[in-house]
Structure formats: C-alpha cells, structure tokens
Amino acid sequence: MRPHRVWKATAIVGWVLALALVALAILVNTTALGERTWLRVLFGVSALNFTLRAAIPLILGAMSGILCERSGIINIGIEGMMLAGAFAAFVAKTNTNDWPLTTSLLFSTLVAVGIGGIMGLLHATFSIRFRMDQIISGTVIIILAAGISAYLFDRDAVAEGKFAPIAIPLLSQIPVIGPVLFAKPLLTYLALILVALLHVGLFYTRWGLRTRAVGEHPRAADTVGIPVNRYRYMNTTLGGMVAGLAGGYLVLEAVGQFQEGMTAGRGFISLAAMIFGNWNPFGAMGASVLFGYTQALQNELLLAGVKTVPRHFISMLPYLVTIVVVSGFVGRVRPPAAEGKVYETEGGE
Amino acid sequence: MDTREPILEVRDITKVFPGVVANNRVHLELYPGEILGLLGENGAGKSTLMNIIYGLYRPTEGEIRVRGRPVTMHSPKDAIALGIGMVHQHFQLVPVMSVVDNVMLGSESIRGPFLDREAVARRIQEIASRYSLEVDPYAIVEDLPVGVRQRVEIIKALYREADILILDEPTSVLTPQEIQGLFQIMDLLRRQGKAIIFITHKLKEVLHIADRIVVLRRGEVVGEADPQTASQASLAAMMVGREVMLVVEKGPASPGPVVLEVEGLEAVNDLGEPALRGVSLQVRAGEILGVAGVQGNGQTELVEVITGLRPATGGRLRIAGQDMTRASPRQITDRGQSCHVPEDRHAYGMVGAYPVAYNLVLNTYYRPPFAQGLTIQEEAIAEHARRLVAEYDVRTPSIYTRAGSLSGGNQQKLVVAREFSRPIQLLIAAQPTRGIDVGSIEFIHQQIVAKRDQGVAVLLVSYELDEIMALSDRIAVMYQGQILDVLPAEEATRERLGLLMAGVHPQEHTAAGLST
Amino acid sequence: MANAIDRRPGRLGRFLRSLLLPVAAILIALAIGAVAMWAFGDDPLVAYRGLWSGAFGDARALARTVRKMVPLIFTGLSVAVAFKAGLFNIGAAGQFLMGTVAATAVGISFPGMPAPLHVSLALLAGVVGGLVWGLIPGLLKVYTGAHEVIVTIMLNYVAALLAGWTVYAGGTEGQSPGPLWDPTARAVSESPDILESARLPLFFDPAYRLHAGVLLALAVVVFIWWLIYRTTIGFEIRTVGLNLKAARYAGMRVAWTVVFTMGIAGILAGLAGAIETLGVNWKFAPEFGGQVGFDGITVALLGQTHPFGIVLAAFLFGALDAGAARMQFESGVAQDIIQVIQALVLAFVAAPTLIRLLFRMEAEEFEVTTISQTWGGGSG
C-alpha cells in the first residue's frame, strides 16, 4: 500500500476513536457513571475543557507548520514565533489597559499576529534569500525570540483582563458538548474556524493547489509560470502570523499574563502534531487534541490528588507521548517532497 | 524556400553561462504543421535553447519572434501566453496530485473562490478524444505508467492552447512500441496544424518522423538536413563532428566459470511495492551480460540487491560460489571482490564536498595502507590518488580539489578509477555513461571491455539500447521485475529486444509478426 | 614541476580566512546590540565597558571567563560532532542535566573513597548519564525514523522534570521528596554538597576557582579533533553527514555511525554537566541547567564546527556570560541583551551569504551546514 492509503486507514481509525471518546464523555457526564473518580478524571467536563484549552495553541502552531511546510519551508521556529507573538500581545495589552477592554484585546491580538508575521518573514528571508539551512534558521528565530522577550520584559507590568467566553445561542445548550465547544472565548472559535478554512484553502482553491505544487515539485510549478519563492515567502509569513496568534491566545485568552519562556515547548509539540496529522489540517487538529488531552490528564490527575506518582512524572506525559508518536508514525507519513531545499530558477539544468 | 510565414523564429540567439557558451548565434525557423527535428548530443545546447524559447532562461544576445513579432519572455508564463508549450524530458508533474490538478496548475479554472475540477475534466476529455490521448482525469499521476504521464504532459500543453509544442527527448523513457504510439500522436498534431520541435539524439527516430532536421553541435547550428535524403551516417557525422564508432571494438568473449548467480530474487521498492518478482540470471567470468529494459522496471532495485544496498525479500544471491543473499555492501565488496559503478554518481558514487583523493578511497579507506588501525594515512591516500588520476586521465587541478567541481565526465572517470583499480572478479555497472561527453564514454567503454578480457564478470545495466547492444555478449531484458528472456548478442535484434522491453513474452513473438 | 597536482590551499591563509566570517559576525552583532540598547534608552558604551571589565578586567574576571568557557567547549563539541554526521543535537541541554544529576548522585555518596577514584567515578557517572540521553534519539532515529530534532527537544523537557524530581523537596500534599534532596535544605529543592573527595582539584589561587576541568576540556578538544579528522571512524562520520547514500554505497555502517555519533554527543554534554557539578557548583539545584545546552549550538556554528574554532567561540561566549552580570550591575542594562547578541551572532554565522553580501567575499570560502536532509522521515 502507498503511504497515503495507509494514512487514510489511520484517519478513519482516528475519527472512530474520537467519536467513541465523545460518546463516553457524554455518558460519564450525564449518567451515574460520573460517580467513579477515575472516569471523571478521564472523561469529565473539566478534562474536556482543559483538553481544548491546551489544544488550541497546538492547533494554531500545527496550522502554522502546515502553511510553511506545504510550500516547502521547514518551520522549526514555531516555538519562537509563538513566544514573540505572546510577548507582543502582552506589551500591547499592558500599554492599552486604559482602552475599552474589547478594543484593547483585539488590538493586542492584531499586534501578536503582526509580530508573528514579521518573524515568519524573517525565517523566509533567512531560508530563501540567504539560503540558510532551514532548521538552523528556525533555531535562530527561537533564540532571538527568547532573548528579545527576556531583555524587554517589564516584570512589573500587568495585563488587565482577557477574552471572556461567548456562549453561542442554542448550540451551547447541548449537554456536555455545548459548554465544552460552544461557550468559549473568541480566539478558540477563531482557531477552529481556521482549521476548516485551511483545509478548504489547501485542497479546493487556486492558492492551495499552487502552494502544494510549490512544496512538492517546485520546478513543475515554475515551468507553468508560478513564482515559487513568492509563494514560499507568502506562506511562511502567513504561518508566522498564525503562530503569533497562538502566542496571543496564550496571553490574551488562556493565561492573561506573560511569563518568560511561557510557550514551554508547545511550538515543538505542534510540529509533532503536524507530522502525526500527515500535514493535513484536520489530521493535525486531531493530533493536537490528543496532545491537549495528555496535558489535561496531567492536570486532572494532580487535581484528583494522585500522590503515588510524583507530579514531575505526570508532567512528562505530553513530551513522552510526543516522542512515542514521532517514533511510531514518521516513515508512515509523507512530507511535502521538496521540503528544506533551496529552489533556484536559473541554471537548474 | 518556403512562402509560408514561420510561427517561430529564433534569430542569432547566444546564451553564455559562467565559463560556457551554451548557445552561439543559433538561428532557426518553425512553420505551422511541421515537425522540426532538433538533433544533437548531450551537452550540444538543445535543452538550453528550448529553455530560452520557453522563457526559463533569458538569452544573452539575439531575438525570438513569434508569429512575426519580436517577443521578450520573462518567465514560462509569457511563453504559455504566446502559445508555446513544452513537454520536458523529466516530466514536470506533481506525483501526488491528480491529472486534473496537474493539467490546470498555473492556469486554473475557477468558480467563485473554488477550483472548478469538473470543467477541467471535461476539457481534458475533449482534448483526449480529439488527439487520441486516453487518460483518466482523476487518476493520481504517480499511479500512471510513464507513457501515460507523457500524454498528461502533452495534454497540459494543449490545455493551454499551445500551437508550438516542444518535445524534449520524449522517447528516452519509452519502449519502442510506446514510441510508435507517440509518433502517431505527433502526426495527428501535425495534421491539425500544430508546429512541433522534436528534440532527440536518436538518428533513426528523427529520420522517421521529422519534416526537417536541424543539427546542433557545441551550441551552434552545424547544418540542416532533409530526412528524405539524409542517412544515419551523415547525420551522425554532423552531430559528432567526426565519424563515430557505433560499435565498440572488442574480440569474442571467452566465458569462464559462473561468478554471479541470482536465483528467484525478490525485493520491494521504496514505496514497499514489489519491484523484483523472481529474477534469475548468471554472469560468467570474462563475459558482459547486458540488462536492457525501460527505466523503472526493477533494474535499480536489482543492482541495489546485488550490491547489498537493498535487502532481498526472497531468492538467493551467490558470488563466486559464496552465498551473499544477506551480505552487507562491505562484505560483497570485500569477500565477493566486486565493484559497483552506480547509476546516480552524484547521489551514490561520490561525496562532492570531499577532495578527489578522499573520493578515490571512499570504500577502501579502512584498509592498509590507507589506514593503520584507526588512523587515516594521508600520505598513502595522496600517493594512491596521484597514481590513479594519471592512470585514468582524470582532469583535475589538484588531488585536493573538491570532486563536485569536476566535469561530469571526469567525475565518472573518478568513480571508474576507484572501482576498477581494485582486484575484482565482478563488475556491476549501472548507466556507466549517462550524461557525459563522447570522449569519456569511449574511454569508459574501453575500460569495461578491458576488464572483461581480464576475466572479470560484468553485469551492465543501461537504458540506452545502443550501449547494451554495443557492449554485451548476452542480453537480458527486464520487464516489471522479471527477466523475460536472455539472448546471445548476435541474435538480439532491435525489434526482438523492443518487443521484450514492452513485455511481450518470447513465445508470443511469432504471433506479433516477428520471425526468429 | 613542483607537483601542481598536490597543490593545496595554504594553511595560514585558510586559517585567517576562516576567522573572517566569525569575526565579522561578532562585530555586526555587537553593533546591532548597541543600536538596540540605544533605541531602548540604555547606554551601550557603559554597558560594553562593564561587559569588558567583567570578562577581562582583572585576573579574577579572566578566570571567570575561562570557567564559563569550559562547559561551552563541551556542549559546542557535542553539537558540532553531531553536525558532522548530519545530525542536529538540540538535546545538549538535557544530556547536560543528566550528566549533572548522575555526577551529583555519585558525588554525594561513597564517603571515605579516595579522591582520585571518587572524582573519576563521578565523571564516569556523568558520561553514562549523557550517553543514555544521547543514545535514545540516536536509536529512535535509526530504528523508527523519528527525527532527532523533535526527540532531543522533548528529551530536554523530560530531563528537566526528571532532574527536578531528584532533588524535589516534597509537596505540601504529602508527596515524597526526591532521592537526591538535601533534608537540611528544608523547603528548598536542592541536593546536599558533594563530598570533598569528589571535587575537581583547583589550581592557582583557590579564590579563582579554576578547576582541573579546564585541562580536561582542552584534552578532549584534541581528542575530538583526532577522532573526526584523523581516524576511519571520523571519516565515516563525515561521509554520513555529507552524503548518506554515498556512505551506504561505500559499505559504511550508517545506522551504527548515527548511534555512535549521538552517543559521543551525549557523552560530551554529559561531561559538561559533571564538570560543572564537580568543579563549580558542588551540588545540584534545578536552576543550574541554564543556557549552556542551547548556547552549544551557537558556539558550534560560530566555531565552524571545528574543534579548535569551538575553543575560540567558547572563550568568546564565556566572556559574554562572565561579563553579563558586571554589565548589568554597572550600567543597569538587563543581561538578557547578551542572549539577543548571541542569537544575532548565530544568525550571521549561519547565513554566510549574508556576511558575504556585506563584505563581497568569494563564494567558495564557507562550508554551508546542511542538516535538513532527513526531515520528516528517511532514517539512517
């Protein structure tokens, strides 16, 4: 079987599992099953809420990775772009505390997206214009973001307020699923919409067709007049913007403040989610939710007062799951063929 | 001579790359409804010229006129807009995408914000029926056979309403029978008024199909010929600039004991699909066994299994009587006393960033005198390099020059020097002369024959039927992972080999109208 | 003829030219750093003066620079050796921590053991700790195709948590403390001091705290140089890094080489951790992880992945680290600006075309490091 056929089979299994999980969650939260502690830890509303909360930055990070990598640019720097976005959001928010809350939050979101975009553009410039190895360029982005945010971080500044949940009429009334999915703050909705948009964009629009062609076979794209590097610049910048949004989410919706190095490896985990999802938006979203779930589990186990296992070991869970996933699935997925390679128009004979 | 208006004129085009003049004052005209054969060796400047016409390169000097008007092209987009289409030698198709997606790429049909795949599929069907180019619009390109992929390339050009079609070495990946099919399509296109430039280095083909022949040598037009009156010999002389030796000089073989013995060998390719389905063959000391076949029928995998680079999933491999089925590449080199000239010298044969001297010990670096225990002996390596560079006429400024900066011919001589300089009993040569200059080809052919005469068993894999026929003592034909037949060289006619390469079993040959 | 075929670029010329790029990178980074400080209202001149005096101002400062250089040499070598085989070891930080913890465990145990033996045993423990953390990504890459970049990053987090747990003071909810925790430290999560017999000998004035690890580092530099450039193993490592397929064709054991190289990389980073513990910190606390792992990447690239270049690069970065505190004290500039400067240095050395453009240098001068050839699959 060809890799993409294997992938289709995997995806079906994944969806079946996901549906089974939702069904279980509904059962646990509406019936007497919910009285068992361990079932509540595994499937309670709080676990589901936390899963989504932890998954959103991973989803956005993975979408950022897909945007870049589908056009042939490896983006190991998501972590740095996210951190830069988070820091930018924080600075923007603390400086606009006296504005009306919504205006201030939206403005800060835009700043986060913009700074992320600049980091993406920088990565594209390094890798395309200056032909830097793309993995090293990504590392530069990470170190740069960590250094600048630490240097400029004003530890006394406080961001006031964050995005509040918006309940969607009717949908939010559905038991279990309603409060988990349809009573969330703005950026969560935005992230989920983005997944669908990216899927449609990649597979059903001219932009997506060209992006994929550029990432798979740049010369073929070039010979039909598609400007390969312009697409790579554009997509990497877009990817940076989405990663910036992920950072904005952390500060403006999830936490409300900035801490040094607050991305804590989320950029890298979202890369793993992207690989796990075979560079497809919905696949990557599924993987992100899985990773989010391991983080939720960590949280729930601590809340449930599990003392036999030290908290350090529970905290390792997301990282260990990432390693297992990367080990088990790489080789069975297929990355865009032209990834990581510089493309030159002239003299390619 | 012609009163018609040329649809394309190339006027005094010169293209200079750093250090090379690829095209020098090239001049040619193309008329609607004709097939212009553009003949030339590898490196004669054909592809450069076509890339200029297609807008991929900009000429250093000169002018191109389309339908009588001078044009400047900045990218293929401009060429496409002018009605120029190109079928590249290496197909420019995205393997993981469907035919529809590949055809519309760059000239997408849009409805609202979305791609209109149905409309494109309908157009493809129209074109397909008009020019008899059968293809399933929704098939994924990587699932299609090579011949069909080529049709997709032609459809791609016609979809863009090209009147001028450039076919760059379109026959190099096809079987003789598929070539006939292509010629029928080209004829149909010509009768419908399309102008075609047919690039090739194969004399017979150009004589068969072209209306006019232009010969290119070292970037210059060296002459025109009329297929009605020209002969293969006269064209060859024009193309190469001197009489070519179509036959490599060699005496009769005196085969000794069996050295390489392969029995029912099975293996899978990189995608996990079966690539070898029970291959059996024997090569004796002092003979050359040529493996003919269209590229992609398992030849690559066969060589990789025999050299230990790919595990066999079934069958047996013996070298000089020892079982080597599970041996590593090093064991096969050492215990099997074999050497390997790989198909892709850039990927496998050398390390471009290493100096020439290191490349000459790439697989013997650990043996004395090049290493004593763990330590590398630089002086012994340099000494060895000096000797081989002289002996095999590798043209390099220094033995410390990066191998990647040498010319293709000299890189191949480097590989040959390294492999032939060891005491060997088995030589495996895959595409030993691909893409190198005539002088180096001759040299390498002579070396291979010399090895045979010293009693080495030679397995030669090549996609060039001429090379196989010129060198081999026996010829095996590979098709879809199997050896269909093994013929003594004297019985192997082009027609018989062609049928075998197309997968027609030997016993069906009489039915196919061929008497043996 | 004086053997034209033997012509080789002059050694001195090559050496001087190889200095050009790093020096240019450093100067540009310092200049941009100055502009940044000025833009954010800091005085770059005062800051750089403080940086200089903190790093080279007097004997004590110089000793501090040398002391800071030692772990950077090791982590720089760790990253560079992996680079040679085409591997990107972002995991030096985790390997460093594992070396630290292992050395600490041995260092606080075995009272009464003779000093030379105890030190050696503790160093060996560090080697083993780093080795294990280096072998995991190597083996996973070979057997499953997992890309070492992601695995090593994840292992960094795992190592930080694991190391943190070993000295965990125990939770208020009654969680038990870690095995290396010092009960006399009460609520503080740290290990007890290692025994006198496990400490690296100091030389010169003990106040300078120059330990024997300096000599060990220099010896290891020479050893790695020999290994990479003068042995058949090094030849294999470099071939695998430059052309994987050619290495396989030449009969090299690619998988073995990948695992071996990651093992060596792990050992080097682990040694760094052990030496920091036995020579400088004399105990372990979670915050001792620091930046050395990540800095190793920059040091390796700045040193052009050559062992001798790495010594120079590590010296420079050691100086930046050593002077940072004094700079902040004297000028009030947050020492994080040093990290920005270091990132800029990395950007400029990793993008040779950038510098080349600025200085109009010849194209062939620099070897471009390529490590993205096996991204997303393609095992060794």
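Description of the structure in this document. Keep in mind it's a predicted model, so treat the numbers as computed, not measured. (Residues numbered from 1 in each chain as written. Chains lettered and ligands numbered in written order. Predicted model: local features only at pLDDT ≥ 70, side-chain atom pairs only at ≥ 80, totals over all residues. Heavy atoms only, no water.)

1. Comments concerning the nonpolar core
Ranked by internal contacts, the top residues of the largest apolar core, which has 253 residues, are A:Met63, A:Phe258, B:Leu427, C:Phe74 and C:Ile337. Looking at which domains feed residues into this core, each of domain 2 (246-337 + 426-516) and domain 3 (345-422) of chain B supplies at least three. Setting aside its immediate chain neighbours within four residues, C:Phe74 contacts C:Leu216, C:Ala217, C:Val220, C:Leu268, C:Leu271, C:Ala272 and C:Ile275. By size, the runner-up hydrophobic cluster in this structure holds 65 residues, among which are A:Ala221, A:Tyr343, B:Ile185 and B:Phe198. (Core = buried A, V, L, I, M, F, W, Y, C linked by side-chain atoms within 4.5 Å. Buried < 20%, exposed > 50% of the residue type's maximum accessible area, 1.4 Å probe, protein only. Domains from an automatic or database assignment. Contact = heavy atoms within 4.5 Å.)

2. Re the pairing of strand E23 (residues 474-479) of chain B
In the sheet, strand E15 (residues 288-292) of chain B pairs with E23(B) via four bridges, with the strands oriented parallel. Residue pairing for E23(B): B:Gly290 is matched across the bridge by B:Ile475. (Pairing = 2+ DSSP bridges. Helix = DSSP H or I, 4+ residues; strand = E, 2+ residues; numbered from the N terminus.)

3. Comments concerning the sheet that holds strand E13 (residues 258-268) of chain B
Residues and elements named next belong to chain B. Taken in spatial order, the four strands make up an open sheet running E14-E13-E16-E17, and their pairing is antiparallel. Since the sheet does not close on itself, it has two edges, and those belong to strand E14 (274-284) and strand E17 (322-323), each with one partner. With two bridges joining them, strand E16 (residues 314-319) and E17 adopt antiparallel strand pairing. For Arg318, the partnering residue across the bridge sits in E17 and is Asp323.

4. A word on the interface of chain A and chain B
At the junction of the two partners, chain A supplies 29 residues and chain B supplies 35 residues. Taken together, the two surfaces of chain A and chain B that pack against each other cover about 2800 Å², and 53% of this comes from carbon and sulfur. On the surface where chain A and chain B come into contact, there are six residue pairs in polar contact (both at pLDDT 80 or more). Residue assignment for the side of chain A that touches chain B shows that the elements contributing at least two residues are helix H1 (3-30), helix H8 (186-204), helix H9 (206-216) and helix H10 (218-223) of chain A. (Buried area = accessible area lost by both parts, 1.4 Å probe. Polar contact = N/O pair within 3.5 Å; in protein donor to acceptor, adjacent residues only side chain to side chain.)

5. Some points on the environment of C:Val220
Residues and elements named next belong to chain C. Along the polypeptide, Val220 turns up in helix H7 (residues 213-230). In this structure the C-alpha to C-alpha distance between Val220 and Leu268, which are 48 residues apart in sequence, comes to 8.8 Å. Those residues in contact with Val220, other than ones at most four positions away along the chain, are Phe74, Leu77 and Leu268.

6. A word on unusual backbone geometry
Geometrically, the link from B:Pro368 to B:Pro369 is a cis peptide bond, its omega value of 5° lying close to zero. Within the secondary structure, B:Pro369 sits in the loop between helix H12 (356-359) and strand E19 (371-372). With a phi angle near 50°, B:Arg67 is a residue other than glycine that sits in the positive phi range. For B:Arg67, the location among the structural elements is in the loop between strand E4 (61-66) and strand E5 (69-71). Located in the positive-phi region is C:Trp282, a residue other than glycine, with phi close to 60°. With respect to the secondary-structure elements, C:Trp282 resides in the loop between helix H10 (254-281) and helix H11 (292-302).

7. A look at the sheet that holds strand E6 (residues 84-87) of chain B
All names here are of chain B. In space, the six strands of this open sheet follow the order E6-E9-E10-E3-E11-E12, with mixed pairing throughout. Each end of this open sheet is capped by a strand with a single partner; those strands are E6 and strand E12 (220-225). The average angle at which neighbouring strand axes cross in this sheet is 20°, direction not considered. Across five bridges, strand E11 (residues 212-217) lies against E12 in antiparallel orientation. Counterpart to Ile213 in the pairing with E12 is Ala225. Sheet contacts for helix H1 (residues 46-53): strand E3 (35-39), E6, strand E9 (164-168), strand E10 (195-200) and E11; angle to E10, the most-contacted strand, approximately 150°. (Axes fitted to C-alpha atoms, helices over the stretch in contact; angles between N-to-C directions.)

8. Brief notes about helix H11 (residues 228-255) of chain A
Residue and element names in this part refer to chain A. Between its terminal C-alpha atoms H11 stretches 39 Å, which fits the 40 Å expected from 28 residues at 1.5 Å a residue. Taken as a whole, H11 carries its principal kink of about 35° at Tyr249. Where burial is concerned, most of H11 is hidden: 21 out of the 28 residues are buried. (Expected span 1.5 Å × (residues − 1). Bend = angle between axes of the 7 residues up to and from the residue.)

9. Some details on the interface of chain C and chain A
Counting residues at the interface gives 52 residues for chain C and 52 residues for chain A. Carbon and sulfur atoms supply 77% of the area buried between chain C and chain A, which totals about 4500 Å² over both sides. For the interface between chain C and chain A, the tally reads one salt bridge. Here chain C is connected to chain A by three residue pairs in polar contact (both at pLDDT 80 or more). Secondary-structure elements contributing two or more residues to the side of chain C that touches chain A are helix H5 (115-144), helix H6 (148-166), H11, helix H13 (337-350) and helix H14 (352-359) of chain C. (Salt bridge = Lys/Arg side-chain N within 4 Å of Asp/Glu carboxyl O.)

10. With respect to the side chain of A:Lys184
Residues and elements named next belong to chain A. Tracing the sequence through the fold places Lys184 in strand E2 (residues 183-184). Buried charge without a salt bridge: Lys184, with Glu253 as the nearest opposite-charge side chain at an N-O distance of 8.0 Å. A distance of 3.5 Å separates a polar side-chain atom of Lys184 from the backbone oxygen of Pro179. If near-sequence neighbours (up to four positions away) are discounted, Lys184 is found in contact with Asn49, Leu52, Pro165, Ile166, Pro179 and Tyr189. (Lys, Arg positive; Asp, Glu negative; His and termini not counted.)

11. Considerations on the packing of H5(C) against H6(C)
All names here are of chain C. Interaxial distance between H5 and H6 falls to 10 Å at its minimum, and their mutual angle equals 150°. Between H5 and H6, the angle falls in the class roughly antiparallel. Handedness of the H5/H6 crossing: right-handed. Here Trp133, Ile136, Pro137, Leu140 and Lys141 of H5 come into contact with H6, specifically with Glu148, Val151, Thr152, Leu155, Val158, Ala159 and Leu162. In terms of residue class, the contact of H5 with H6 is built from nine nonpolar, one polar and two charged. (Parallel < 35°, antiparallel > 145°, perpendicular 65-115°, else oblique. Left-handed = near helix turned anticlockwise from the far one by under 90°. Nonpolar A, V, L, I, M, F, W, Y, C, P; charged D, E, K, R; others polar.)

12. Considering a nonpolar patch on the surface
All names here are of chain C. A grouping of Phe110, Leu121, Leu124, Val128 and Val132 is seen on the molecular surface, where their side chains present a nonpolar patch of about 390 Å² in accessible area. Along the chain, Val132 falls in helix H5. For Val132, a relative accessible area of 39% corresponds to the partly exposed category. (Patch = residues over 30% accessible without salt bridge, like charges linked within 9 Å, V, L, I, M, F, W, Y side chains within 5 Å. Areas by Shrake-Rupley, 256 points an atom, 1.4 Å probe, with all protein chains shown as cover.)

The quantities given are spatial measurements derived from coordinates; they are silent on function.
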